[in-house]
Amino acid sequence: MGQYCISQQVVLYTLDREVLLVSSSRYPDRWIVPGGGMEPDEEPSVAAVREVCEEAGVKGTLGRLVGIFENRDRKHRTYVYVLVITEVLEDWEDSVNIGRKREWFKIDDAIKVLQCHKPVQASYFETFKQGYLANNGTPVVATLSEEKASTYANQSSVSSIR
């Protein structure tokens, strides 16, 4: 199967059905889901908590795994988690260093904002809304091809790729 590059992203969700997006470091007028790469020997769940603090300035307790999204063409796998927020920092690493901003969106609005330039990230919220319940609590594994990055389909259970 070959070595995959693994990253993680976090769905920050409130009881008001809102999610937190951050401004892109490359395109500050675009919103993205916070997350990033992992340090050597770092677990995706640990990296998720670290990255979301750096990028979005929030701390919390890691919740369930929403799904694992794979792009086989690029050999890239992204773990997507929910974080239960316990603390919102006034200043955080990326706000100070690169001027990153954060904003709360209703889920459907977040999907619309992400759809044009980050369709895979928009799919995280579609999966968040429906995939978890439809799969009786089993996280979704989605496989993405280069040309069909905006569409995704359930391929197997999490255990099949571990």
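Parameters at a glance
Residues numbered from 1 in each chain as written. Predicted model: local features only at pLDDT ≥ 70, side-chain atom pairs only at ≥ 80, totals over all residues. Heavy atoms only, no water. Helix = DSSP H or I, 4+ residues; strand = E, 2+ residues; numbered from the N terminus. Buried < 20%, exposed > 50% of the residue type's maximum accessible area, 1.4 Å probe, protein only. Salt bridge = Lys/Arg side-chain N within 4 Å of Asp/Glu carboxyl O.

Asks: Teacher, can you tell me more about the environment of Phe69 here?
Replies: Here Phe69 is to be found in strand β5 (residues 58-71). Given a relative accessible area of 2%, Phe69 falls into the buried group.

Asks: Could you clarify how one ought to interpret the pattern of salt bridges in this entry?
Replies: Note on pairing: side chains with opposite charge can pair once their charged atoms come close. Tallied over the entire structure, the rule returns six salt bridges. The salt bridge partner of Arg50 is Glu54, with a shortest N-O separation of 3.3 Å. Of the two residues, Arg50 and Glu54 are both situated in helix α1 (residues 44-56); the distance of four residues between them amounts to about one turn of the helix. Here Glu70 ties to Arg77 by a salt bridge, and the two come within 2.8 Å at their closest N and O atoms. Overall, the relative accessible area of 2% leaves Glu70 in the buried class.

Asks: Is there a simple way to explain the environment of Val19 in this structure?
Replies: Note that Val19 resides in strand β2 (residues 18-23). Take Val19: its relative accessible area is 0%, and that puts it in the buried class. As a C-alpha pair, Val19 and Ile107 span 88 residues in sequence and 6.1 Å in three-dimensional space.

Read these as layout, nothing more, since geometry by itself doesn't imply function.
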